[in-house]
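Tertiary structure, described
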Amino acid sequence: MTSEQKLIRGCRKGKPKYQKMLFELYAPKMLGVCARYFQRIEEAEDALQDGFVKVFSNIDTFKEKGSFEGWIRRIMVNTSLNLHRSNLKHYYHVDLGETETRIEDKRYSYDHLDVQDMLTMIQNLPNGYRLVFNLYEIEGYSHKEIAEELGVSVNTSKSQLLKARRKLREKIDKQL
Amino acid sequence: MKTTDDNIGKAFKEAFDDFEIKPSNSVWQSVNSKNVELGNVNHSSLFSKIAIISAAAIIALATIYYLYKPSVNPSPNIIKEIPINSIDSVVTVQMTNEIDVSLIDSTKDEKVEIVNNSTDNKQDNSKKYKAPIIVKDTEDNIEKTEVAIVEEKKEIKNIINPPSPSIELSNDKIVQDEEEHKQSILTNTDTFKVVYGDNPVVCFGEDAILFVEDGFNYSWNTGDVQNRITVSPVQKSHYTVTVTNSKGQESIHVFTVDVDNSCSALFIPSAFTPNFDGQNDVFKAEGRGITQMHMMVYNKLGQKVFESTNIDIGWDGSFKGKLSPETYVYHVDYTDAKGIGHVKRGQVTLIK
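Note that this is a predicted model, so its numbers are computed, not measured. (Residues numbered from 1 in each chain as written. Chains lettered and ligands numbered in written order. Predicted model: local features only at pLDDT ≥ 70, side-chain atom pairs only at ≥ 80, totals over all residues. Heavy atoms only, no water.)

1. Description of the overall build of chain A
Under the convention used in this document: Under the scheme used here, helices are H or I runs from DSSP no shorter than 4 residues and strands are E runs no shorter than 2 residues, and both carry numbers assigned from the N terminus. Categorising residues by exposure relies on relative accessible area from a 1.4 Å probe, with only protein chains included: less than 20% of the type maximum marks a residue as buried, more than 50% marks it as exposed, and the intermediate range marks it as partly exposed. The contact rule is simple, with two residues in contact once any of their heavy atoms fall within 4.5 Å.
Along its length, chain A carries nine helices and zero strands. The order of α-helices and β-strands along chain A, N terminus first, is α-α-α-α-α-α-α-α-α. Residues classed as buried in chain A amount to 47% of the 176 residues present. Expressed as a percentage of contacts within chain A between residues at least 6 apart in sequence, the contacts between residues at least 24 apart total 71%.

Structure follows, in structure tokens:
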């Protein structure tokens, strides 16, 4: 039995020692995931907390074939989306002051960027942009999946992604 | 263009691949307490096993002690604690959480009365006050187990139930006792203190506020659970509240809200249709017994389009000779039949 399996078995039996080990092993990484979905870190910690309670409640349903980290990560993403869900319908209204800025066709380099700066950029995106960008670019969802998950049309998902990228590029430009 | 788009996503994905943030300590504490709450935790160490076993033993001992204590050693103090006016009523005494003792007391009390076949109420009362002493005397003769109590209850039922000249009398007595007991719940200041609000009289269409104070839990027949509720009856209505105090004792009170039909709250419609079909052509407030009213209507540009101080005169919807279908805002202040001033603000839509 690998140490991961041992950990999972312990958690299934509800042993507090293993639960704490599991939390300490995955919490920092999962907070890194949740943090991308909220403007403030406190909201992300709320999601992390709810997510871990779900992990411990539903650990019996985890089939030991797939990646355990992937399973936890999926729970964290879904929990984060759930916390947004009640407000989702307000996210995809087009702002009246939205201006179409012409993007110059030039190549960008992102090597100089610090991950903490990138996180701040994502956190400061409008909620709708942030969710779509995270799900598409980082979690690797398709537009169809995003549309289903967020209850919007595929075209909304696509346009939000384009706008999110544009916004991020503007921010990177300003940093240079 | 496309490549830059793809690059930005890729750059972010790579950057966040191994990204970690240390959560604050409170997160694990919350998760852990939630886990305990949901039963996701299973303490199975030797220590906790011992703890569970010893807890069970303590509970068992306590149970045995409580079961036998009242009958083995009936303390006169317990009898004294029961309010005098509730000794003769089984239900009231039960509310004082001294069920075991009270059963003996009250049933025996009745037994004494019935056996004596007393017909005079006054005589009855004098006996009641002596009851604790009688109880104490007979107490010693009773077998000291719960079974004895149950048997005695049966015996008493037998005494009450068989057809004999005294049945009617004793039944009446019981009914009378129950009524006395109901009143004593409301007025019994020794055991239960609750302050009830007045029975209000409201104008038609007005809200009434009902309240109870000094209870612990409140359950209204309207489904509310607060101590203060707002009701809007259209006719004379009764509202029942069950108040529970911190000891679990219950008290029921009925509020009566009377509706005065000679006056009413001001009703202001939210839309009107000035198309001369005879229905809702004029925007006006309605209410009975309104002594004074001042209404102003403004359009969306903030211009005053109508003003009236007479409740019978309404607005036909025209402003500078034109009907404009839009939403207007109104401000009405009025004095009701009781001389109380009110202000109402809202919106009204003109529909052509």
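2. Topic: the pairing of strand β3 (residues 208-213) of chain B
All names here are of chain B. The criterion, for reference: Two strands make a pair as long as DSSP finds a minimum of two bridges between them.
Burial of the side chains of β3 is restricted to one face: Ala208, Leu210 and Val212 are buried, whereas none of Ile209, Phe211 and Glu213 on the reverse face is. Inspection of the sheet shows strand β1 (residues 195-196) paired to β3 by two bridges, in the antiparallel sense. Of the residues in β3, the one forming a bridge with Tyr196 is Val212.

3. Here's the deal with the state of the cysteines
All names here are of chain B. The cut-off we apply is this: The disulfide criterion is simple: two cysteine sulfur atoms within 2.5 Å.
Counting across every chain of the model gives one disulfide over all chains. Shown here is the disulfide that connects Cys203 with Cys263, its sulfur atoms set 1.8 Å apart. On the sign convention where negative means left-handed, the S-S torsion of about -95° between Cys203 and Cys263 marks this disulfide as left-handed. Taken together, the residues span a long stretch of sequence, with Cys203 in strand β2 (residues 201-204) and Cys263 in strand β7 (residues 250-264) at a distance of 60 residues. Looking at Cys203, the relative accessible area reads 0%, which means it is buried.

4. Some points on unusual backbone geometry
Residue and element names in this part refer to chain B. Phi is positive for Asp214, which is not a glycine, with a value near 75°. Locating Asp214 in the fold gives a position in the loop between β3 and β4 (217-220). Given a relative accessible area of 51%, Asp214 falls into the exposed group. One non-glycine residue, Lys320, lies in the positive phi region at around 55°. You can see Lys320 is positioned in the loop between β11 (318-319) and β12 (322-323). For Lys320, a relative accessible area of 69% corresponds to the exposed category.

5. Digging into the sheet that holds strand β13 (residues 327-335) of chain B
Whether parallel or antiparallel, the strands of a sheet pair through hydrogen bonds between backbone atoms. All names here are of chain B. Spatial ordering of the open sheet is given by β8-β14-β13-β9-β10, a layout of five strands whose pairing is mixed. Edge positions in the sheet fall to β8 (271-272) and β10 (304-308), since each of these pairs with one other strand and no more. In terms of strand pairing, β13 meets strand β14 (residues 341-350) through nine bridges, oriented antiparallel. Opposite Thr335, over in β14, you have Gly341 as the bridge partner.

6. What to know about the confidence of the model for chain B
All names here are of chain B. Note the threshold: pLDDT is a per-residue confidence score from the predictor, ranging from 0 to 100.
Across chain B, pLDDT averages 71, with 61% of residues at or above 70. When the criterion is pLDDT under 50, residues 72-146 qualifies, and its contacts beyond four places in sequence or with other chains add up to 99 contacts. For residues 181-185, every residue scores under 50 in pLDDT, and the model assigns this stretch nine contacts once sequence neighbours within four places are set aside. Two summary scores accompany this predicted model of the complex, namely pTM at 0.41 and ipTM at 0.79.

7. Considerations on the pattern of salt bridges
Selection rule: Whenever Lys or Arg places a side-chain nitrogen within 4 Å of a carboxyl oxygen from Asp or Glu, that contact is recorded as a salt bridge.
Applying the stated criterion across every chain yields a total of 12 salt bridges over all chains. Linking A:Lys29 and A:Glu69 is a salt bridge whose minimum nitrogen-to-oxygen distance equals 3.5 Å. One end of the pair, A:Lys29, is in helix α2 (residues 16-35); the other, A:Glu69, is in helix α4 (residues 68-85), and 40 residues separate them in sequence. Assessed through its relative accessible area of 16%, A:Lys29 is described here as buried. Accessibility expressed as a relative area gives 26% for A:Glu69, which makes it partly exposed. Here B:Glu307 and B:Lys304 are joined by a salt bridge, their closest N and O atoms 3.0 Å apart. Classification of B:Glu307 by relative accessible area gives partly exposed; the value is 40%. Given a relative accessible area of 39%, B:Lys304 falls into the partly exposed group. In this structure, a network of salt bridges that share partners links the residues A:Lys29, A:Glu69 and B:Asp18.

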